[in-house]
Amino acid sequence: MDSKLGSLDSCKPSNNNVGSPPHNGCASIQDSHHHVSSSTTPSCDATLGRHLAHRLVQIGVNDVFSVPGDFNLTLLDHLIAEPWLTNIGCCNELNAGYAADGYARQRGVGACVVTFTVGGLSIINAIAGAYSENLPVICIVGGPNTNDYGTNRILHHTIGLPDFSQELRCFQTVTCYQAVVNNLEDAHEQIDKAISTALMQSKPVYISISCNLPGIPHPTFSREPIPFSLSPRMSNKMGLEAAVEATAALLNKAVKPVLVGGPNLRVAKACDAFAELADACGYALSAMPSAKGLVPEHHPHFIGTYWGAVSTAFCAEIIESADAYIFAGPIFNDYSSVGYSLLLKKEKAIIVQPDRVVVANGPTFGCVLMKDFLSALAKKLNRNTTAYENYHRIYVPNGVPPKCDPNEPLRVNVLFQHIQKMLSGNTAVIAETGDSWFNCQKLDLPEGCGYEFQMQYGSIGWSVGATLGYAQSVPDKRVIACIGDGSFQVTAQDVSTMLRCDQKTIIFLINNGGYTIEVEIHDGPYNVIKNWNYTGLVDAIHNGEGNCWTTKVTCEEELTRAIETATGDKKDCLCFIEVIVHKDDTSKELLEWGSRVSAANSRPPNPQ
């Protein structure tokens, strides 16, 4: 019996342009976005707080997202004393974590600072999301006074036990390294180990710093920190050659092979190598949904998103009928496989992960880095355009939504037609969990246009904080965020922080009266939410401070005027456009996807 692909392992990556090891794989950690060097950084006291600040700047962090609490106040004093580090105060810890997540997606690393336990346990959901997406986020917590460790004292902000390890134990499951700094003797070593581990593993780390330590001078911090280097990761030469030989032998005898990019391209820093392979092989080129933004959509052989039954038109037919497919960095979970319904066979697949290659469900080659493998394979493959030519033969252009009658209620497909026209290399799209996944997935990204969404963890409300962090990391791009009303209600407060940071984001708030994605999986009264006056709420948050413009649209004419204003007279404002649509107006892809995921969720127990 044929074995099927649909639930292979993996996780999601960090950015292709990283503050962690650069494209060549390692080298020294460069100074920040502002090119600070040890010779130009102002002299400072030899304290733990300033050392940590310098380290963050060195790896490319120029903004930390924080919520103050009495255990981290002194630490924050020392972080903001660093000239190249800006503290971004957030409304709550969850959004601070989401902001660090969004920042890390573009800058390659992010950082957040909260207080002990009451702040740490509040941010942990965001850190779990960053872990699932392979994002190096430095989560810093102000911890108890050193004199309280080892005593029988009960502290505030805890659950009332003299055991201070509860927070640490919670973070152990969602971070790749934990450092509890409660003495100065090894603080330097612990901080450097935590930061380097985050960069090497592309995962979040946890650093707890006792509240009485940041401002105390210590000899270990008496010099400007020397930029540290990460050991280069290198492929095993023999393994690389063997993997390339086995893969080329399979693909070169295939009649219509195809190439599919997955989200782990980012953590492998292999986007450039993937593009090189696509140019060389001539195969039809596709992206898994969570790899949107990592695969070049302007490539002449790009055929769209491969997402099983909800793929771009004609894409799934080409991929699933191929006699060989190479998946670079895939994650096959129940969402990306549309309820485990992909029509793929392992015997036809080459699965390339960041450090291993599996050929046709057979030999596995370890210690082979993806970027090395893809570059080497590009030189060994015969050019084969058969699959793309077949796609070109069967391709029929997408239908155009019918023209709206004057003052006809706005349809979602018309909304995204207009959003498409707004995109350029100077924009970036943030798509919230929900129907925005499917509508934004159909956008054609111009070269240079950023794109982010959180598919693996799928936490509603993620996009508000992530938009804040992403926009802060790329002030030269205008971020366009597509957020459903249900998701917005979870994290709305930090629109206020966007205004404080003078961001120019355009937020499309899609008001359809509830949790539409849940409706299509399993409906019930719990999916209906209280309607808000969303523009009124943002106006209240604005409160006359900062640049903000809001409007509510119900038809295409109003939408057209709103977009003209947002991109014209109000181009230097944060623009909030509330879009009123019918509660049942969803993408056809969500309808299909929802029914398949529902079927997967409701499978009866296997007989014992």
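As the structure is a prediction and not an experimental result, all values here were calculated from the model. (Residues numbered from 1 in each chain as written. Predicted model: local features only at pLDDT ≥ 70, side-chain atom pairs only at ≥ 80, totals over all residues. Heavy atoms only, no water.)

(A) Just the overall build of the protein, in detail. Within the protein, the secondary structure is distributed over 21 helices and 19 strands. In terms of overall dimensions, the protein is globule-like: its C-alpha atoms have a radius of gyration of 25 Å, near the 25 Å expected for 608 residues. A principal-axis box enclosing the C-alpha atoms of the protein has dimensions of 70 × 65 × 60 Å. Here the protein holds 608 residues, and 59% of them are scored as buried. Sequence separation of at least 24 residues holds for 77% of the intrachain contacts in the protein that already meet a minimum separation of 6. Roughly 23700 Å² of accessible area belongs to the protein as shown, and the carbon and sulfur atoms make up 52% of that amount. A distance of 6 Å separates the average location of the 44 positive side-chain charges in the protein from that of its 60 negative side-chain charges. (Helix = DSSP H or I, 4+ residues; strand = E, 2+ residues; numbered from the N terminus. Rg over C-alpha atoms; globule rule 2.2 N^0.38 Å. Buried < 20%, exposed > 50% of the residue type's maximum accessible area, 1.4 Å probe, protein only. Contact = heavy atoms within 4.5 Å. Areas by Shrake-Rupley, 256 points an atom, 1.4 Å probe, with all protein chains shown as cover. Lys, Arg positive; Asp, Glu negative; His and termini not counted. Charge placed at Lys NZ, Arg CZ, Asp CG, Glu CD.)

(B) A look at the sheet that holds strand S14 (residues 427-431). Pairing is parallel across the open sheet formed by six strands, whose spatial order is S15-S14-S16-S17-S19-S18. Both edges of this open sheet fall to strand S15 (450-453) and strand S18 (548-553), since each of them pairs with a single strand only. This sheet shows a mean twist of 15° between the axes of neighbouring strands, independent of strand direction. Relative to strand S19 (residues 574-580), strand S17 (residues 506-511) runs parallel, the two sharing six bridges. Each residue of the ladder has a partner; that of asparagine 511, found in S19, is isoleucine 580. (Pairing = 2+ DSSP bridges. Axes fitted to C-alpha atoms, helices over the stretch in contact; angles between N-to-C directions.)

(C) Here's a closer look at the pattern of salt bridges. One pass over the full model with this rule turns up 15 salt bridges. Residue aspartate 101 pairs with arginine 105 through a salt bridge whose shortest N-O separation is 2.6 Å. Here aspartate 101 and its partner arginine 105 are both found in helix H3 (residues 93-107), four residues apart, which amounts to about one turn of the helix. Across the pair, exposure class does not vary: aspartate 101 and arginine 105 are buried alike. Note that glutamate 276 is salt-bridged to lysine 379, the shortest N-O span being 3.5 Å. On the criterion of sequence distance, the pair formed by glutamate 276 in helix H9 (residues 271-281) and lysine 379 in the loop between helix H11 (370-378) and helix H12 (386-394) is long-range, its members being 103 residues apart. Bridged by salt links that share partners, the residues Asp101, Arg105, Glu133, Arg266 and Glu452 form one connected network. (Salt bridge = Lys/Arg side-chain N within 4 Å of Asp/Glu carboxyl O.)

(D) Seen up close, unusual backbone geometry. Even without a glycine there, the phi angle at cysteine 367 is positive, about 55°. By relative accessible area, cysteine 367 is classed as exposed at 53%. Its identity is not glycine, yet asparagine 407 carries a phi of approximately 65°, on the positive side.

(E) Local environment of the pairing of strand S3 (residues 110-115). In terms of residue burial, S3 counts as a mostly covered element, since six of its six residues are buried. Where burial is concerned, the two faces of S3 agree: the one with Gly110, Cys112 and Val114 and the one with Ala111, Val113 and Thr115 are both buried. Two elements, strand S1 (residues 63-66) and S3, share two bridges in a ladder whose sense is parallel. Within the sheet, the bridge partner assigned to phenylalanine 65 lies in S3 and is cysteine 112.

(F) Fine view of the pairing of strand S10 (residues 325-328). Alternating residues of S10 divide into Tyr325 and Phe327 and Ile326 and Ala328, and every residue in both groups is buried. Pairing analysis gives four bridges linking strand S7 (residues 258-261) to S10, with the strands arranged parallel. Pairing of glycine 261 across the sheet is with alanine 328, part of S10. Relative to strand S11 (residues 349-353), S10 runs parallel, the two sharing four bridges. Of the residues in S11, the one forming a bridge with alanine 328 is valine 352.

(G) Local environment of the packing of aromatic side chains. Enumeration over the complete set of coordinates arrives at 19 aromatic pairs. A centroid spacing of 5.5 Å and a plane angle of 45° characterise the contact between phenylalanine 488 and phenylalanine 576, whose relative ring orientation is tilted. On the criterion of sequence distance, the pair formed by phenylalanine 488 in helix H16 (residues 485-491) and phenylalanine 576 in strand S19 is long-range, its members being 88 residues apart. Given the relative accessible area of 0%, phenylalanine 576 is considered buried. Taken together, the ring pairs connect Trp307, Tyr335, Trp437, Phe438, Tyr451 and Phe453 into an aromatic cluster. Over the aromatic face of tyrosine 131 sits the side chain of lysine 203, whose NZ or CZ is 3.9 Å from the ring centroid. Seen from the ring of tyrosine 451, lysine 292 lies directly overhead, with NZ or CZ sitting 5.5 Å from the centre. (Phe/Tyr/Trp six-rings, centres within 6.5 Å; stacked < 30°, edge-to-face > 60°. Lys NZ or Arg CZ within 6 Å of the ring centre and 35° of its normal.)

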